[in-house]
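Architecture and fold: a report
Here's the letter readout for the chains.
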Amino acid sequence: SVAQVHAAELADGRQVVVKVLRPQVEQRIATDLALLRTLGGLAQRYMPDAERIQPLELVAEIERTLRDELDLQREGANASLLRRNFADSPDLQVPEVIWELSGDRVLTLERVYGIASDDIAALDAAGVDRRKLATKGVRLFYEQVFRDNFFHADAHAGNIWVDSDPSRKSNPRFIALDFGIMGQLSQEDQYYLAENFMAIFN
C-alpha cells in the first residue's frame, strides 16, 4: 500500500476521507524498482521464453503504474473525470474530490458508504437485487470501455462497493473508489474485446 486513508469531518460538517501518501514511500519504491530492473535484465538474458514474456517490458509497466499511483493529484483528476462521465447515472456513484484540500500527496474525497461487492451475505441481508446489480455491472463496464474509453482498471471488491442506502435495494447502485489505476484502449483493443465478449454471449 502506498497510502493510508483516514475518515475526517470538515469545519462545515461534511464527512470526508483523506488519503495520504506514506512517508518515504517514493524512496522505498525506487529501491524495489531498481531490484526489479536487475532481475528483469537477468531474466531477459537467461530465461528461455524471454522474447515472448519480455521481462523488462513488464518491469517498465509496473514502474509506470506505480508512478501514477504516487501522484494523488492525478488520481483526483481521474476521479473527477469518471464522476463527470457518470454524473447523471443511477447506476454508479463516484465521490466528489475536495480540490481545495487536495494535492500531489494528499487527496480529500466526499465520504461514501457501501457494501463490498463480493460480500454476498451482506448484500442479501440488505435485500439488494443481485440479478439487477449484475446486469448493471456489465452495462457499466461497457459504458466505461466503449462509450468513454476511460475505465476503472483496479476493480476488485475493495474498490467497488454497492450503495447501502435501504431505499436503493430494488434499484442498486455501485460506488467506485480508488482511482489510481485507470485504463484506456486503442481502437484495435476495443474491437478485440468486443469480439471476444460477443463470442462469450453467443
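Read on for a plain summary of the structure.

Procedures and definitions
Residues numbered from 1 in each chain as written. Predicted model: local features only at pLDDT ≥ 70, side-chain atom pairs only at ≥ 80, totals over all residues. Heavy atoms only, no water. Helix = DSSP H or I, 4+ residues; strand = E, 2+ residues; numbered from the N terminus. Buried < 20%, exposed > 50% of the residue type's maximum accessible area, 1.4 Å probe, protein only. Pairing = 2+ DSSP bridges. Axes fitted to C-alpha atoms, helices over the stretch in contact; angles between N-to-C directions. Contact = heavy atoms within 4.5 Å. Salt bridge = Lys/Arg side-chain N within 4 Å of Asp/Glu carboxyl O.

Here isoleucine 120 lies in helix α5 (residues 120-125). Through-space distance from the C-alpha of isoleucine 120 to that of arginine 130 is 8.8 Å; in sequence the pair is ten residues apart.

This next bit is on the pairing of strand β2 (residues 15-21). Counted residue by residue, β2 has five buried out of seven residues, so it is predominantly covered. Pairing of strand β1 (residues 3-9) with β2 involves seven bridges; the strand directions are antiparallel. In the sheet register, alanine 8 faces β2, and the bridge partner there is valine 16. In this antiparallel pair of consecutive strands, β1 and β2, the connection spans five residues, and glycine 13 shows a positive phi of 95°. Summarising the sheet, β2 and strand β4 (residues 106-110) pair through five bridges and their orientation is antiparallel.

One open sheet accounts for three strands, arranged β1-β2-β4; its pairing is antiparallel. The open sheet has two edge strands with one neighbour each: β1 and β4. Averaged over all adjacent pairs, the angle separating strand axes in this sheet is 25°, with direction ignored. Along the sheet, helix α4 (residues 72-85) contacts β2 and β4; its crossing angle with β4, the most-contacted strand, is approximately 25°.

This part is about the pattern of salt bridges. Summed over all chains, the structure comprises 16 salt bridges. The closest approach of N and O atoms between aspartate 124 and arginine 130, which form a salt bridge, is 2.8 Å. Note on aspartate 124: relative accessible area 40%, which makes it partly exposed. A relative accessible area of 38% means that arginine 130 is categorised as partly exposed. Between arginine 147 and aspartate 148 there is a salt bridge, and its shortest N-O distance comes to 2.8 Å. Classification of arginine 147 by relative accessible area gives partly exposed; the value is 46%.

Moving on, we come to the environment of glutamate 57. Here glutamate 57 shows up in helix α3 (residues 55-69). Here glutamate 57 falls in the partly exposed class, since its relative accessible area comes to 48%. Placed 17 residues apart in sequence, glutamate 57 and glycine 40 show a C-alpha to C-alpha distance of 8.6 Å.

With mixed pairing, four strands are arranged side by side in an open sheet as β3-β8-β7-β5. Each having just a single partner strand, β3 (92-93) and β5 (114-116) make up the two edges of the open sheet.

The quantities given are spatial measurements derived from coordinates; they are silent on function.
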